[in-house]
Structure formats: structure tokens, C-alpha cells
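The primary structure of each chain is shown beneath.
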Amino acid sequence: WEAQAGTYVFEPPGETHTLVVGEEEMITLFHVTGALLYCDPDDPATVLGFDDVFTKLEKARAHYKHVGLGADYVDQFIR
């Protein structure tokens, strides 16, 4: 399956795939409402890591601190 410009995709929980981008630039928006599990490509049943809202916030805090804006800069984006 290959996405085209303007394509909308819904993936149910548990879907496993690899995103491949060709020679052209790709701009995309992923709206994730659960955890992302990073699986071993040789054994998709083996989870190597994950990201969820809490790990994304930790990464954002570290980034904003690193660039001098302060870890609490991310708080403005949280309701």
C-alpha cells in the first residue's frame, strides 16, 4: 500500500508497519492517541521501547531546558 497526497489513514491499535519515505520530501501529521511501541524489525512481537504522552513530555522538557527556555516552557501547551 502506498499513500498519496491528501491520503487519510486510520490504523487500529496493534498495527505494525515501517514508514518508508522515497526521494521526495514528505510532510505529515500523526495524531496519536495512545502509546507507540517500537518493535524489533526481526521479531515484531518484541517491543524495544515505547513513547506515550508522558515520555513525549519528558523529551519536550529536556529539549526546552537544553535550548535555554526552561523545562517548564512545555507547561503552556498542557490544559
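Our subject is the structure that appears above.
What you see is a predicted model, and the numbers here were worked out from it, not measured in a lab. In this convention, every chain numbers its residues from 1, walking through the sequence in written order. Under the rules for a predicted model, residues below a pLDDT of 70 receive no local features and side-chain atom pairs below 80 are neither given nor counted, while totals for whole chains, interfaces and linings still include all residues. Heavy atoms from the whole structure form the basis of all side-chain values; hydrogens and water molecules are not counted.

### Side note on the pairing of strand S2 (residues 43-51)
- When DSSP finds two or more bridges between two strands, those strands count as paired. Segments assigned H or I by DSSP are reported as helices when at least four residues long, segments assigned E as strands when at least two residues long, and all are numbered from the N terminus. Two strands pair when backbone bridges link them, and strand S1 (residues 36-40) and S2 are joined in this way by 5 bridges, in the antiparallel orientation. Looking at S2, one finds that Tyr38 is bridged to Gly49.
- Linking S1 to S2, which pair antiparallel, is a turn of 2 residues.

### Observations regarding the environment of Thr28
- Note that Thr28 resides in the segment before S1.
- With a 1.4 Å probe rolled over the protein chains alone, any residue whose accessible area is under 20% of its type maximum counts as buried; one over 50% counts as exposed, and the rest are partly exposed. Owing to a relative accessible area of 43%, Thr28 belongs among the partly exposed residues under this scheme.

### Observations regarding the pattern of salt bridges
- One side-chain nitrogen of Lys or Arg within 4 Å of one carboxyl oxygen of Asp or Glu is enough to make a salt bridge. Counted according to the given criterion, the structure contains 3 salt bridges.
- Across the pair Asp51 and Lys56 runs a salt bridge, and its minimum N-O distance is 3.8 Å.
- With relative accessibility at 45%, the residue Lys56 sits in the partly exposed group.
- Its salt-bridge partner being Lys59, residue Asp51 comes within 2.9 Å of it at the nearest N-O pair.
- Overall, the relative accessible area of 5% leaves Asp51 in the buried class.
- Judged by relative accessible area, Lys59 falls into the partly exposed class, the value being 48%.
- Overlapping salt bridges bring together Asp51, Lys56 and Lys59 as one network.

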